[in-house]
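Inside the fold
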Amino acid sequence: MGYTIAEKILARVSENGAVRAGDEVLAKPDFVIAYDFPGYTDVIFKQMEEDFGIDKVAEPDRYALFIDHMVPAATTQEEELHQLTRDWGAKNKVPVYERKGIGHQVAAELGYATPGAFVVHFDGHISQLGTFGTLAIGVRRHLLEAFVKERIKFKVPETTRIDLTGTLQPGVTARDVFHHIVRVLGPRGCRGHVMELGGDTIDNMSLEGRQSINCLAMFTGAITALMNPDEKALTYMKERARLDIDPLFSDPDATYAARHEIDVSALEPIIVVPPSPADTRNLSEFAGTEVQVGYLGSCASGRVEDLEIAADVLEGHKVKDGFQLNVIPTSKEIMEVAAERGIISRLINAGAFISSSSCDYCFGRMGVMRAGQKAVSTGTLNVRGRMGSPDSEIYIVNAAAVAAAAIEGRIADPRPYLKG
Amino acid sequence: MALDNLKGRVAWVFEDEDFDVDQIVGVKNIKIKDPVELGKLAMSAEDPEFAAKVRPGDLLIGNHNFGYGHPHYPPMIGMRQLGIGGVIAESFSPGYWRGEIAMGFPQVACPGVLAAVNRWDEIEIDWASSTFHNHTTGVSLPIEPLSDGDRLMLEAGGLVGYLHARDKEETVG
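All of the points below concern the structure found in this document. All figures in this text were calculated on a predicted structure; none of them were measured in a lab.

Looking now at the state of the cysteines. Residue and element names in this part refer to chain A. This structure, assessed with the given rule, holds zero disulfides over all chains. Cys-362 takes part in no disulfide bond, and the closest cysteine sulfur to it belongs to Cys-299, at a distance of 6.1 Å. Judged by relative accessible area, which is 8%, Cys-362 ranks as buried.

Tallying the contact residues gives 46 residues for chain A and 38 residues for chain B. Of the roughly 3600 Å² buried between chain A and chain B, counting both surfaces, carbon and sulfur atoms make up 58%. On the surface where chain A and chain B come into contact, there are three salt bridges. Residue B:Arg166 is joined to A:Glu145 by a salt bridge in which the shortest nitrogen-to-oxygen separation is 2.3 Å. Inspection of the region where chain A meets chain B yields 14 residue pairs in polar contact (both at pLDDT 80 or more). The set of elements that each furnish at least two residues to the side of chain A that touches chain B consists of strand 1 (24-27), helix 5 (143-148) and strand 7 (152-155) of chain A. Here the residues of the side of chain A that touches chain B are counted per class, giving 23 nonpolar, eight polar and 15 charged.

All names here are of chain A. Enumeration over the complete set of coordinates arrives at 33 salt bridges over all chains. A salt bridge links Asp-413 to Arg-415; its shortest N-O distance comes to 2.8 Å. A relative accessible area of 23% means that Asp-413 is categorised as partly exposed. Overall, Arg-415 belongs to the buried group, its relative accessible area being 19%. In the salt-bridge network here, residues are joined through shared partners; they are Lys-28, Glu-59, Arg-62 and Glu-150.

About the criteria used
Residues numbered from 1 in each chain as written. Chains lettered and ligands numbered in written order. Predicted model: local features only at pLDDT ≥ 70, side-chain atom pairs only at ≥ 80, totals over all residues. Heavy atoms only, no water. Disulfide = S-S within 2.5 Å. Buried < 20%, exposed > 50% of the residue type's maximum accessible area, 1.4 Å probe, protein only. Contact = heavy atoms within 4.5 Å. Buried area = accessible area lost by both parts, 1.4 Å probe. Salt bridge = Lys/Arg side-chain N within 4 Å of Asp/Glu carboxyl O. Polar contact = N/O pair within 3.5 Å; in protein donor to acceptor, adjacent residues only side chain to side chain. Helix = DSSP H or I, 4+ residues; strand = E, 2+ residues; numbered from the N terminus. Nonpolar A, V, L, I, M, F, W, Y, C, P; charged D, E, K, R; others polar.

Taken by themselves, the reported measurements are silent on function.
Here it is in structure tokens:
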């Protein structure tokens, strides 16, 4: 029987001839990535020095740090944390990327999503690098192991294969596809597995859409997501990849824990109802619910096509008085492209508040809601208190639906706004 | 080194599937760092006497996919402050599992456990025989064995001890 792409990548980095799901290997990550956050990187830096006597990493190019939370700093402590990160990076000759955007996106732009590579981070949304055939896993506190040791102990995961078929209706996006997967398979449908996606829907989808889906893999219980890199992904990475390694692909006769085929051709816009990232419904069930805040951004959904479909919905309309529409492009590069194409000015003209890329709107440090407010959001999570008061509510929808809600001040189907 | 058996009472049964552990202290308290304060908050919304009733070694029971979502560390910092010795669940969310094992906090996957316990039953995890025992009812169930890495991590009391124990590996520095 053949091997999955995840098994092949872990075989490559563990220098085993072949590994199978269930094997425990010592694997050398090609890249070790982190964003600075209180209690995470500052603790790792301290532990490296005090507990392990490491004052410099040996292969600095394997490491990357992103300053993407608390940007810009709002307190002295936040700025001090960033300075600690800059200082550690300078001392170790480890690159620190700041004000470039949300790290999970920027990591792809900068070529850390090298096809065939193995990447670790403490945050699970790094899974979106799987769009490019990169095995990228959020290992939580185990990240210390990758900072201290050359190799990490890792159990080769099983893979659940999902083939998506059919053409999406206008106004239905990759975001809807992901939440539909959760609806069909449940919040533990891929628990502990790699979620490997393919099928003609994926083949025809933009890289941005694929990144949205892969980004959210953890809400199926998956430890990450992977796609076999196609021409589109390889072309994007050709000029960017930081390593010269051969891309890897699942064999046609690879062993999967489960296989699912999901037809998305009849899919309607989705809404994920608070307070669970798994409570997926058709948006139409909630149409008319009054909302006061809209957030379009995050590592999952603030890319050019998200901004563009929101601008298309808003064309000829204005954001309703009193509605707060925050639009935060996922990266500086995305913001530049959207500006060049006139998308940013279209959003501004319609009444959107645009801010530079930052993680802060997604976890309630900026654009904070008071008790009783309701938001439509393309963020990652809708649990109580994620974007402010625990008595506010977050409804997760696609970018077009955020724009439609901004026009009406209530949850609305975006599709009528997209008809010529 | 062998792991000590977990032995204690069932301090709480989390019956919800896909339980978001942040609810243990409430999301509004998730940024609190003081273990004592977190211990006082733990489950206080459900049972105001929870902290007073718990004894060192008591255990928590969870349903399927325990720890789903974006699990933060403060809830279980609070539980450990109260002396909770570990969590036994039908199954765990992988992110939560990794995070707590790295803290040296025992987690045990035991299919069928939810139906086999009531609050305050005396229970035990026997690592050597990979068995869950409910001494109050006499029911026993097999537990899922730990991976080598997870077992080493628990034996070493968490990630830092584990990494020291791996001294055969070449360090980066």
